Amino acid sequence: MRTLRTALRSARRLLVHAVAGVISMCAGVSAVHDPHSLFRLPCVQGAEPAKCNDVLLCPPRSRAQRPHHVVYFPGDVQASDVCRLRVLGEEANYRDIMAKHSENFRWKCWSLEDISAILSDRFPASYIWIVKPSRMHLHKFSCYDNFVSSNMFGAPKHSTDLGAFRQLYALLVNAFTMAQNAFLSESNKYIINTDYSHSGYSTNGCNSEEGDTKDPAVYLGHPSVKGSLSFTVIGFSKGCVVLNQLLHELQEAKKDKEINSFLANIESMYWLDGGHSGGSNTWVTCPDILKVFAHTGIAVHTHVTPYQVSDSMRSWIGEEQKKFTELLKGYNVMVDDHLHFAYETPSLDNHFRVHEVF
C-alpha cells in the first residue's frame, strides 16, 4: 500500500512538472504552483536582532481541528541570496534565481517554491514553513549559522547550548505574527512588509496586545502552549544539521520551561538523506544524546539514498546512519527507516527525488 501511494505521488509530481513546463513555454510562467498560495516572509527575527532568516509559508489546503505545522530546512543549491532575489524584482522567486545560475539551473525543479508544493501535497492539512539558511556560500552552500556554528561551507560544529532551539522558537513566534498580519491583509503574497512589531508576544507565551484569536482562518496556535498545535520538523541534506543540533541541545532544553513546552509540541522529525562537507558527524551517534531523544516520544523517520550512505569516498555517512538507527531501536524507538533507489546508480537526481518518496 505504501509503495502504491509513493508511485501515485511520483506520477502526480511528474504530471505537475510536465504541465508546468508546457505553460512556462507558452506564457513565461516561472513557478510550478499557484503563487497566490505562497507567502514570503523576509528577514524574520530569531533569538537575537541580528539572527534573521527568510521564511516561505504555504497555508494548508484543508483545515485540521488543531493546527499542524511542518518546518523544513533545505539543503545546498535550493535557495539563493536575498540580494540576488531583489535584483530580479519583486515578482522574482528562488526558482528564477536557480534557473539563471550557471550550475544550479539543473536542480531548479527542487527550488524552495517547488518543495513547498511537494510538502503541501504530502501534508495537505498543515502549514508549511520553509526556513531559508541565513548564508549561501558561493551562492551554493547552505549555512545555518543562526542555528549552529558552521565553517565557511556550512559544516557544523555542534554544542549543547540552546542556540538552535531558541532560534527556532523565536523565529516561529515572530513568523506566526507576520503571517497572521498577512492573512488579514491584501498585501502581495510574495513580498510582505517587514515593518511588523516583534513584541506582540509576552515572555509567558501569550499575545500581550490583541489576545489570542480563535478565527480558524488565522489561528495558528502558539509554539510554547502545550496542545495548542503540533510540529513536524524536516531536514533535507545539509538542512539535517539543524535537526542534529536540536538533538545535542535536548538535555538543556528540558531545563528551560518555555523551550521544554515547545519541545513537547514536536510530534515527528524527518531526516531526508542528510549530508554535509565535514568529515564526520553527519548523523548523531552519541548514545547519551540518543537516549535522551528516545525519551521525548518524538516519531523518527529516516529516508536515505545511495548517493549519501553508499559513497565509498564518504563511508562514515552510511556507518553513522546505521549506528543512529540501531541505537534508537535499541532504546525501543520505532524508527521509520527507508533506503530508496537502492538498485539504481547513486546520483544527485535521486538524492533530490527522496522528496517524492518519503
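Provided above is the structure to which this section pertains.
Residues numbered from 1 in each chain as written. Predicted model: local features only at pLDDT ≥ 70, side-chain atom pairs only at ≥ 80, totals over all residues. Heavy atoms only, no water.

1. Looking at the packing of aromatic side chains
- Following the criterion strictly, the structure yields 15 aromatic pairs and no others.
- For the pair Tyr144 and Phe147, a centre-to-centre distance of 6.3 Å together with 70 degrees between the ring planes defines the contact as edge-to-face.
- Among the aromatic residues, ring-to-ring pairing joins Phe165, Tyr169, Phe231 and Phe262 into one connected group.
- Over the face of the ring belonging to Phe358 we find Arg122, whose NZ or CZ atom lies 5.1 Å from the ring centre. (Phe/Tyr/Trp six-rings, centres within 6.5 Å; stacked < 30°, edge-to-face > 60°. Lys NZ or Arg CZ within 6 Å of the ring centre and 35° of its normal.)

2. Some remarks on the nonpolar core
- Core analysis: the biggest nonpolar cluster contains 61 residues, and Phe73, Trp129, Phe165, Leu247, Met269, Trp271 and Phe293 have the highest contact counts within it.
- If we skip the residues at most four places from it in the chain, Phe165 touches Leu246, Glu249, Leu250, Ala253, Ile259, Phe262, Leu263 and Ile266.
- Counting 25 residues, the second largest nonpolar core, distinct from the first, contains Trp110, Phe236, Phe352 and Phe358. (Core = buried A, V, L, I, M, F, W, Y, C linked by side-chain atoms within 4.5 Å. Buried < 20%, exposed > 50% of the residue type's maximum accessible area, 1.4 Å probe, protein only. Contact = heavy atoms within 4.5 Å.)

3. A closer look at the environment of Glu356
- The topology assignment puts Glu356 in helix H12 (residues 348-357).
- Along the primary structure Glu356 and Ile118 are separated by 238 residues, whereas in three dimensions their C-alpha atoms are 7.4 Å apart. (Helix = DSSP H or I, 4+ residues; strand = E, 2+ residues; numbered from the N terminus.)

4. Here's the deal with a nonpolar patch on the surface
- A contiguous nonpolar patch, built from Leu138, Met152 and Phe153 and spanning about 300 Å² of accessible area, is present on the exposed surface.
- Among the structural elements, Met152 can be located in the loop between strand S7 (149-150) and strand S8 (156-157). (Patch = residues over 30% accessible without salt bridge, like charges linked within 9 Å, V, L, I, M, F, W, Y side chains within 5 Å. Areas by Shrake-Rupley, 256 points an atom, 1.4 Å probe, with all protein chains shown as cover. Salt bridge = Lys/Arg side-chain N within 4 Å of Asp/Glu carboxyl O.)

5. Let's talk about the sheet that holds strand S10 (residues 266-272)
- Spatially, the 8 strands line up as an open sheet ordered S1-S2-S4-S3-S9-S10-S11-S12, and their pairing is mixed. The sheet is open, and its two borders are formed by strand S1 (39-45) and strand S12 (336-339), each paired with just one other strand. On average, each strand axis in the sheet is inclined to that of its neighbour by 20 degrees, with strand direction left out of account.
- The pairing of strand S2 (residues 52-58) with strand S4 (residues 126-131) spans 4 bridges and is classified as antiparallel. Note that in S4 the partner of Cys58 across the bridge is Ile128. (Pairing = 2+ DSSP bridges. Axes fitted to C-alpha atoms, helices over the stretch in contact; angles between N-to-C directions.)

6. Quick look at the pattern of salt bridges
- By the definition in use, this model includes 8 salt bridges.
- Linking Arg66 and Glu267 is a salt bridge whose minimum nitrogen-to-oxygen distance equals 2.7 Å. One end of the pair, Arg66, is in the loop between S2 and strand S3 (68-73); the other, Glu267, is in strand S10, and 201 residues separate them in sequence.
- Classification of Arg66 by relative accessible area gives partly exposed; the value is 35%.
- Judged by its relative accessible area of 39%, Glu267 falls in the partly exposed class.
- Among the ionic pairs, Lys255 bridges to Glu252, the shortest N-O distance being 3.2 Å.
- Residue Lys255 is classed as exposed on the basis of its relative accessible area, which comes to 62%.

Interpretation note: all reported values are geometric properties and have no functional meaning in isolation.
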